[in-house]
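The residues making up each chain are set out below.
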Amino acid sequence: MKNFSVAALLVAVSCVSIAQEKPPEPPPALVEIEDVRAERIAEQIWVPGTVVSRTDSDIAAEVSGRITWMAEVGDSVEAGDVLAKLDDHMLQLNYQQNSSNIAKWEASVDLLSRKQVRFSKMAQQNNSSKDQLDEIISDLEIARQELAQAKIAKQLTEYQISQSQVKAPFKAMVVERKQSPGEYTGVGQDLMRIVDTSNIEASIRAPLSAVPFIRQGMTVQVKDKYHELNETIRTIVPVGNALSRMMEVRVKLNSGDFAIGSAVRVALPHSEFHDALTVPRDALVLRKSGAFIYQVDADNAAQQISVKTGIGAGERIEVFGDVRENEPVVIRGAERLKAGQKVRFLEKDDQLAQLN
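Below is a short write-up of the structure. (Residues numbered from 1 in each chain as written. Predicted model: local features only at pLDDT ≥ 70, side-chain atom pairs only at ≥ 80, totals over all residues. Heavy atoms only, no water.)

Topic: the sheet that holds strand S5 (residues 56–60)
Whenever strands of a sheet pair, they do so through backbone hydrogen bonds, lying parallel or antiparallel. Stated formally: Pairs of strands are assigned from DSSP output, requiring at least two bridges between the strands. Put simply, DSSP H or I for four residues or longer makes a helix, DSSP E for two residues or longer makes a strand, and each gets a number counted from the N terminus.
The strand order across the open sheet built from 4 strands is S5-S12-S10-S7, with neighbouring strands paired in antiparallel fashion. With partners counted over all chains shown, the strands left at the sheet margins are S5 and strand S7 (76–77), one partner each. Pairing between strand S10 (residues 172–177) and strand S12 (residues 190–195): 4 bridges, direction antiparallel. Note that in S12 the partner of Met173 across the bridge is Val195.

The following block contains the structure:
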């Protein structure tokens, strides 16, 4: 009976001891972290725009004629390359006629010049009348002017012959034929459309209310379905109308980033810039009681911090609260964390693979 009591007492003491032991801590959670940033931000509005070329031209001929050859749609040309050729047969005939007229008037000038010399000597000896000499001098001057006009006509014909080959004024791509070989084209009639695909920008329509907050040279976000890039405002045209209250803003783009004619959206500031602490939007954990984030301290422990949100700045958002700029914030894996739980994190690429 005594032995049984001692055994029971030992079992009871053992149970009390086990009950007093602390439960084991959960293992460190694998998370992805990002920096808290102190930056200047402003409220943003997204406005639509279209990608355009700064040089988009309809090309016409300066002479009339039948088209004998044209560049194909899709051809890339350098400045000075031939875009189209016109039949120059009539111009070549005019050139020959101009050359003949020049020869005729050169002969007249030569003859009258010799007559002027001869009659001048005779007039000095009183062997001819002064009226005859004046008439020869007048005819010589007329012949010289006719010769000058014949030379100008020849130069004009030479220029027209050169213009029978329509050349590209700048580096471009042929995007549309407005006429075809075999057709007759007139002076100033559009032959084709060419576009400089290497010099592009976004033309956007923005509200006039954004004028106080934007400036030339400012960096803005430009995005479409596949890209999101930071680009520079090239120029602002702060002129609208009474109906739309919209103005045009041109944003410089890099060749190849966006296709000409595609739709884009541009983020413009719509308030004054101010200093703020921002975190990635993925760092926010939303609950009915409010929003909070987890920051990782020097001991790799996740500290829960209640925050209030401000304005968004792209993929980041302004936060207010006891947020410490020198400690990273958890942006992936926060949903499974508990306050004070230890965390571990790898390099970003490895981290993403393991979290997935």
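Moving on from the coordinates now.
Let's talk about the pattern of salt bridges
A pair can form between side chains of opposite charge whenever their charged atoms are brought close. Put simply, the rule is: Definition used for salt bridges: Asp or Glu carboxyl oxygen within 4 Å of a side-chain nitrogen of Lys or Arg. Working definition: with a 1.4 Å probe on protein chains only, accessible area under 20% of the residue-type maximum means buried, over 50% means exposed, and in between means partly exposed.
Inspection of the entire model under this criterion finds 13 salt bridges. With a closest N to O distance of 3.4 Å, Arg40 and Asp275 form a salt bridge. With Arg40 in strand S3 (residues 37–41) and Asp275 in strand S18 (residues 274–280), the pair connects residues that are 235 residues apart, well separated along the chain. The residues Arg40 and Asp275 share a single accessibility class, namely exposed. For Asp58, the salt bridge identified is with Lys178, shortest N-O distance 3.0 Å. With Asp58 in strand S5 and Lys178 in the loop between S10 and strand S11 (184–185), the pair connects residues that are 120 residues apart, well separated along the chain. If you follow the salt bridges from partner to partner, you end up with Arg54, Glu201, Arg234, Glu248 and Arg250 in one network.

Considering the sheet that holds strand S16 (residues 246–252)
Quick note on the threshold: All axes are obtained by fitting lines to C-alpha atoms, using only the stretch in contact for helices, and the reported angles, taken between N-to-C directions, cover 0 to 180 degrees.
Read once around its circumference, the closed barrel built from 6 strands follows the order S4-S13-S16-S15-S14-S17, with strand pairing classed as antiparallel. Each strand axis lies, on average, 40° off the axis of its neighbour in the sheet, ignoring direction. Here strand S4 (residues 44–53) pairs with strand S17 (residues 263–269) via 7 bridges, running antiparallel. Residue pairing in the sheet places Gly49 in a bridge with Val264 of S17.

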